[in-house]
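Structural characterization, general
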Amino acid sequence: NAGVTQTPKFRILKIGQSMTLQCTQDMNHNYMYWYRQDPGMGLKLIYYSVGAGITDKGEVPNGYNVSRSTTEDFPLRLELAAPSQTSVYFCASSWDPNRGFNEQFFGPGTRLTVL
Amino acid sequence: AQKVTQAQTEISVVEKEDVTLDCVYETRDTTYYLFWYKQPPSGELVFLIRRNSFDEQNEISGRYSWNFQKSTSSFNFTITASQVVDSAVYFCALSTNTGANSKLTFGKGITLSVRP
């Protein structure tokens, strides 16, 4: 199993550009998450999904959109990139927490710089 | 609302020293889970341990040990005989088992540097 994969690993965007961060997991996990990590601030939840077709906002959703058309994929979309979105983005997945919480498995991260 | 506080921001030790990383949490839920993750310089997040609120037994795994005390809302992590490879950022995290709201709340992390 590859676990959770993310592409790209690095990206530089100009202000106002858009892009999609890809996330795929092959563990058949129901739950998927997007976090951003800013220096010295820990990880903050952007969006999460409890299954295909179901998504919900996390702590810092503004400026982002997500979709979940399949169990495996959970892309994160930035429509109008802003310097405040410069960060490292992590995708994660887990089993259904309602059945006894299991740890979240994280992808390797995408380092995004908006200039 | 839930909160995780890691008051230590940076710790530097010499190899073979023992070091304890502190974690204090806040939640109103009676069922919750606590986690520690390690983020080495390569950047990935590595799961270390999960503990649920009904299990206060301490746990030891090799050089790692965890002390969970509900009375003080703490879940501290001790590395015995530290090694250079332990150098990383360590995150404590909390999740409450409340269905769709079972999300991880992370502390800000502790940067541990182990010098040879």
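For the structure given in this document, a descriptive report is provided here.

Aromatic rings considered in pairs are described by the distance between their centres and by the relative angle of their planes. By the definition in use, this model includes 21 aromatic pairs over all chains. With a centroid separation of 5.7 Å and 40° between ring planes, the pair formed by Tyr 35 of chain A and Phe 106 of chain A is classed as tilted. Here Tyr 35 of chain A, found in strand E4 (residues 31-37), pairs with Phe 106 of chain A, found in strand E10 (residues 105-106); they are 71 residues apart in sequence, far enough to count as distant. Owing to a relative accessible area of 11%, Phe 106 of chain A belongs among the buried residues under this scheme. On the basis of an interplanar angle of 70° and a centroid distance of 5.9 Å, the ring pair of Tyr 37 of chain B and Phe 47 of chain B is categorised as edge-to-face. Of the two residues, Tyr 37 of chain B sits in strand E5 (residues 32-39) while Phe 47 of chain B sits in strand E6 (residues 46-52), which places them 10 residues apart along the sequence. A residue is classified by how much of its surface remains accessible, and Tyr 37 of chain B, at 0% relative accessible area, is buried. Overall, Phe 47 of chain B belongs to the partly exposed group, its relative accessible area being 28%. Between the NZ or CZ atom of Arg 68 of chain A and the centre of the ring of Phe 74 of chain A, over which it lies, the distance is 6.0 Å.

What follows is about the pairing of strand E12 (residues 110-115) of chain B. Residues and elements named next belong to chain B. Of the two faces of E12, only one is covered, namely that formed by Ile 110, Leu 112 and Val 114; the face formed by Thr 111, Ser 113 and Arg 115 stays uncovered. Pairing geometry for strand E2 (residues 10-14) and E12, over five bridges, is parallel. Of the residues in E12, the one forming a bridge with Ile 11 is Leu 112. Both strand E10 (residues 88-96) and E12 contribute to a ladder of three bridges, which runs antiparallel. When the sheet's bridge partners are listed, Val 89 is paired in E12 with Thr 111.

With that settled, consider the nonpolar core. Counting residues in each nonpolar core, the largest one holds 24 residues, and the members touching the most others are Leu 21, Trp 36, Phe 77, Tyr 90 and Leu 112 of chain B. Mapped by element, the contributors of at least two residues to this core are E2, strand E3 (19-21), E5, strand E8 (64-69), strand E9 (74-79), E10 and E12 of chain B. Per-element accounting of this core gives the leading share, four residues, to E10 of chain B. Not counting residues up to four positions away in its chain, the partners in contact with Phe 77 of chain B are Val 19, Thr 20, Leu 21, Trp 36, Leu 48, Tyr 64, Ser 65, Trp 66 and Tyr 90 of chain B. Ranked by size, the runner-up nonpolar core spans 20 residues in total, among them Trp 34, Val 66, Ala 81 and Val 114 of chain A.

Glancing now at the pattern of salt bridges. According to the stated counting rule, one finds seven salt bridges over all chains in the structure shown. A salt bridge links Lys 44 of chain A to Glu 59 of chain A; the shortest N-O distance between them is 3.5 Å. Within this pair, whereas Lys 44 of chain A is found in strand E5 (residues 43-51), its partner Glu 59 of chain A is found in the loop between strand E6 (54-57) and strand E7 (64-66), the two being separated by 15 residues in sequence. Lys 44 of chain A sits in the partly exposed class, given a relative accessible area of 25%. In this structure, the salt-bridge partner of Arg 63 of chain B is Asp 86 of chain B, at a minimum N-O distance of 2.8 Å. Linking Arg 63 of chain B in the loop between strand E7 (59-61) and E8 with Asp 86 of chain B in the loop between E9 and E10, this pair joins segments that are 23 residues apart in sequence. A relative accessible area of 25% means that Arg 63 of chain B is categorised as partly exposed.

The next point concerns the sheet that holds strand E3 (residues 19-25) of chain A. As a general point, the strands of a sheet are linked pairwise by backbone hydrogen bonds and lie either parallel or antiparallel. Residues and elements named next belong to chain A. If you trace the four strands from one edge of the open sheet to the other, you get E1-E3-E8-E7, paired in antiparallel fashion. Edge positions in the open sheet fall to strand E1 (4-7) and E7, since each of these has one partner strand only. The mean inter-strand angle of the sheet, taken between neighbouring strand axes irrespective of direction, is 20°. Pairing between E1 and E3: four bridges, direction antiparallel. Counterpart to Val 4 in the pairing with E3 is Gln 25.

Our next topic: unusual backbone geometry. Cis geometry is adopted by the peptide bond preceding Pro 8 of chain A, which originates at Thr 7 of chain A and carries an omega value of -5°. In this fold, Pro 8 of chain A is placed in the loop between E1 and strand E2 (10-13). In the Ramachandran plot, Asn 28 of chain A falls in the positive-phi region, its phi being about 60° despite a non-glycine side chain. Here Asn 28 of chain A lies in the loop between E3 and E4. Even without being glycine, Ser 73 of chain B reaches a positive phi, approximately 50°. Counting through the fold element by element, Ser 73 of chain B comes out in the loop between E8 and E9. Judged by relative accessible area, Ser 73 of chain B falls into the partly exposed class, the value being 25%.

Reading the values: rules and limits
- Residues numbered from 1 in each chain as written.
- Chains lettered and ligands numbered in written order.
- Predicted model: local features only at pLDDT ≥ 70, side-chain atom pairs only at ≥ 80, totals over all residues.
- Heavy atoms only, no water.
- Phe/Tyr/Trp six-rings, centres within 6.5 Å; stacked < 30°, edge-to-face > 60°.
- Helix = DSSP H or I, 4+ residues; strand = E, 2+ residues; numbered from the N terminus.
- Buried < 20%, exposed > 50% of the residue type's maximum accessible area, 1.4 Å probe, protein only.
- Lys NZ or Arg CZ within 6 Å of the ring centre and 35° of its normal.
- Pairing = 2+ DSSP bridges.
- Core = buried A, V, L, I, M, F, W, Y, C linked by side-chain atoms within 4.5 Å.
- Contact = heavy atoms within 4.5 Å.
- Salt bridge = Lys/Arg side-chain N within 4 Å of Asp/Glu carboxyl O.
- Axes fitted to C-alpha atoms, helices over the stretch in contact; angles between N-to-C directions.

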